[in-house]
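Letter by letter, the chains look like this.
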Amino acid sequence: MLKNRIIPCLDVKDGRVVKGINFVELKDAGDPVEQAKIYSDGGADEICFLDITASNENRETIIDIVKKTAKECFVPLTVGGGVRTIQNITDLLLAGADKVSINTAAVKNIDLVKESSKKFGSQCIVVAIDAKKVSENKWEVFTHGGRNKTGIDVVDFAKKVEENGAGEILLTSMDKDGTKSGYDVDLLKTITNNTNIPVIASGGVGTLDHLYDGIVKGGASAVLAASIFHYGEFKIKDAKEYLNSKNVSVRL
Amino acid sequence: MNVTIVDYQSGNISSVINSFTEVAKGKVKIEVTSEINKIKSCDKIVLPGQGSFKSCVDSLNKISGLVETLKDFAITNKKPLLGICVGLQMFADIGYEEAETKGLGWISGKVSKIDNQNGKFKLPHIGWNEIEIQKESKMFKDIKNKSHMYFVHSYEFIPEDNSIISATTNYSSKIVCAVERDNLFGTQFHPEKSDKIGLKVIDNFLNL
């Protein structure tokens, strides 16, 4: 049986792990390579790096971090942030990333999703969607780390990225991100019901029960969380044992 | 001992290189190449594969003499070769991803899309799944039945002869996830991404 995945996400800025609250205030949470190794040794099913400043600054720092991490961690590594071109994707894959997540560029230019999934295979193209609730059961896609409103409906966009070859969707609720009040389960449910590719839940985890909700109520194939793991509140193992005790199948 | 990872522009092989390098530390020389002479003279071959069946077969065929060299190595001379993911799928006669494409024809069978049972099963099959070991296997030496391995694929290898199946996994149906015949080995899962247990599979191959 396929197991539900737990993915710690490391938001990286200037070579350090940080975690923002609602995408803005940043706290320092350590060295990314060290952290990734701790997570991988602790049973993380995948590791995710999000380079949150890559849109504006040079990319060498994250490439270097990916290279070092890939030599020490032998679980899948996803890297995103500021990915705009086929060349950006090639560079990250050559550095040792297994999957690349595309966010703003997928909205601006869907051909990037199409071309990259054709060139590298759908298995390594993740589209990261930042969604914000605009009315009851309606969400809109935002870009540029949540700064820009696009007017695009999230369901329409999720279907479009699937059609264009994305292998997974990393779905972040901007209303929930950093609040520790749980995933936006309605958003998750809506997207998992309307697509046939795996959806990774993101944004809002504060307790282990929230992970349960993301999988069982939201239908997510994987749950991503940052701060509950970074500050040592919970270990990956705690999350897995908790889910297992509630009959959610995980890799133990 | 020299082990060659065949670099035929089949997508991302960094993880394969990193994991083999880690396991081989100090005991085995790992070379990443598409040079025919080097491939001919090595002791073992790793054939990775990412992307579609068609794109991988096309890339193999683009390198003059490569397919014949691999066949001589693995089939005629029965030297150890490990295919990973699409590397394994290409052993088949035919694949249906993108377009109907002729495979290497080393193990009779076909590569078809996994039946998602009308959307009940999400595709790609991504993540950790348990393997069910089907026969005694050199690749699974000291590996427990129902160990977790990491998968990413939408197509499955359906061989004609079930006796070559060394492990299956359950996703929508019983999917072939490892094959073994003489010194020909293949895994649908990614040992290079399957944590310590995956590195053990690699270690078993290097220790053959």
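For the structure, see preceding data.
Described in the following lines is the structure provided in the data block. From a predicted model like this one, the values you see are computed outputs, not experimental measurements.

**Some remarks on the overall build of chain A**
A count of helical and extended segments in chain A gives 10 helices and 12 strands. Relative to its length of 252 residues, chain A is compact, with a C-alpha radius of gyration of 16 Å against a globular reference of 18 Å. Its C-alpha atoms put chain A at 45 × 45 × 40 Å along the principal axes. In chain A, which comprises 252 residues, the proportion classed as buried is 62%. Residue pairs at least 24 apart in sequence account for 65% of intrachain contacts in chain A once pairs closer than 6 positions are excluded. As displayed, chain A offers around 9800 Å² of accessible surface, 48% of which is attributable to carbon and sulfur atoms. Within chain A, the 35 negative side-chain charges are centred at a point lying 2 Å from the centre of the 33 positive side-chain charges.

**Let's talk about the sheet that holds strand 4 (residues 81-84) of chain B**
Residues and elements named next belong to chain B. One open sheet accounts for 8 strands, arranged 2-1-3-4-14-13-12-9; its pairing is mixed. Looking along the sheet, the strands with just one partner apiece sit at the ends: strand 2 (29-33) and strand 9 (132-133). As defined by bridge partners, strand 12 (residues 165-171) adjoins strand 13 (residues 173-181) across 6 bridges and the pair is classed as antiparallel. Across the sheet, residue Tyr-171 finds its bridge partner in strand 13, namely Ser-173. Where helix 1 (residues 14-24) meets the sheet, it contacts strand 1 (2-6), strand 2, strand 3 (44-47) and strand 4, and its direction lies at approximately 160° from that of strand 2. On the sheet, helix 6 (residues 195-206) packs against strand 1, strand 3, strand 4 and strand 14 (184-187) and is oriented at approximately 145° with respect to strand 3.

**Topic: the interface of chain B and chain A**
Interface size, as often reported, equals the accessible area lost upon joining of the parts. Listed per partner, the contact involves 30 residues of chain B and 35 residues of chain A. Interface area, chain B with chain A, both sides summed: about 2700 Å², of which 50% is carbon and sulfur. Along the contact surface separating chain B from chain A lie 4 salt bridges. Between B:Glu98 and A:Lys118 there is a salt bridge; the shortest N-O distance is 3.3 Å. One can count 22 residue pairs in polar contact (both at pLDDT 80 or more) joining chain B with chain A. Those elements giving two or more residues to the side of chain B that touches chain A turn out to be helix 1, strand 8 (125-130), strand 10 (148-153), strand 12 and helix 6 of chain B. Here the side of chain B that touches chain A takes 6 residues from strand 8 of chain B, the largest share from any one element.

**Thoughts on the sheet that holds strand 5 (residues 94-95) of chain B**
Residues and elements named next belong to chain B. Taken in spatial order, the 4 strands make up an open sheet running 6-5-7-11, and their pairing is mixed. Each edge of the sheet is formed by a strand with only one pairing partner; in this case those strands are strand 6 (101-102) and strand 11 (155-159). With 2 bridges joining them, strand 5 and strand 7 (residues 109-113) adopt parallel strand pairing. Each bridged residue has a counterpart across the sheet, and for Gly-95 the counterpart in strand 7 is Val-111.

**Section: the packing of helix 3 (residues 86-95) of chain A against helix 5 (residues 110-120) of chain A**
All names here are of chain A. Their axes nearest at 10 Å, the elements helix 3 and helix 5 cross at an angle of 40°. On the basis of the axis angle, helix 3 is oblique to helix 5. Between helix 3 and helix 5 lies a crossing of right-handed hand. In this structure, helix 3 uses Ile-86, Ile-89, Thr-90 and Leu-93 to contact helix 5, whose residues at the interface are Leu-112, Glu-115, Ser-116, Lys-119 and Phe-120.

**Notes on empty space enclosed by the protein**
Residue and element names in this part refer to chain B. If you walk through the whole model with that rule in mind, you get 3 cavities of 30 Å³ or more. Approximately 110 Å³ is the volume attributed to the largest cavity. Of all elements in the fold, only helix 1 and strand 10 reach the threshold of two or more residues within the lining of the largest cavity. For the lining of the largest cavity, the class distribution of residues is 4 nonpolar, 5 polar and 4 charged.

**Let's talk about the side chain of A:Arg5**
In this structure, A:Arg5 sits in strand 1 (residues 5-13). A polar contact of 2.8 Å, which involves the side chain of A:Arg5, links it to the side chain of A:Glu168. The contacts of A:Arg5, once residues within four sequence positions are left out, are A:Asp45, A:Glu46, A:Lys99, A:Glu168, A:Pro198, A:Ser221, A:Ala222, A:Val223, B:Ile126, B:Gly127, B:Trp128 and B:Tyr150.

**Focus: the side chain of B:Ser166**
Mapped onto the secondary structure, B:Ser166 falls in strand 12. At 3.5 Å, the side chain of B:Ser166 forms a polar contact with the backbone nitrogen of B:Val179.

Definitions and cut-offs
- Residues numbered from 1 in each chain as written.
- Chains lettered and ligands numbered in written order.
- Predicted model: local features only at pLDDT ≥ 70, side-chain atom pairs only at ≥ 80, totals over all residues.
- Heavy atoms only, no water.
- Helix = DSSP H or I, 4+ residues; strand = E, 2+ residues; numbered from the N terminus.
- Rg over C-alpha atoms; globule rule 2.2 N^0.38 Å.
- Buried < 20%, exposed > 50% of the residue type's maximum accessible area, 1.4 Å probe, protein only.
- Contact = heavy atoms within 4.5 Å.
- Areas by Shrake-Rupley, 256 points an atom, 1.4 Å probe, with all protein chains shown as cover.
- Lys, Arg positive; Asp, Glu negative; His and termini not counted.
- Charge placed at Lys NZ, Arg CZ, Asp CG, Glu CD.
- Pairing = 2+ DSSP bridges.
- Axes fitted to C-alpha atoms, helices over the stretch in contact; angles between N-to-C directions.
- Buried area = accessible area lost by both parts, 1.4 Å probe.
- Salt bridge = Lys/Arg side-chain N within 4 Å of Asp/Glu carboxyl O.
- Polar contact = N/O pair within 3.5 Å; in protein donor to acceptor, adjacent residues only side chain to side chain.
- Parallel < 35°, antiparallel > 145°, perpendicular 65-115°, else oblique.
- Left-handed = near helix turned anticlockwise from the far one by under 90°.
- 1 Å grid on protein atoms, 1.4 Å probe; cavity = no way out; pocket = protein on both sides within 12 Å on 5 of 7 lines; lining within 4 Å.
- Points joined across faces, edges and corners; volume = space filled by probe spheres on them.
- Nonpolar A, V, L, I, M, F, W, Y, C, P; charged D, E, K, R; others polar.

None of the figures reported here should be taken as evidence of function without further support.
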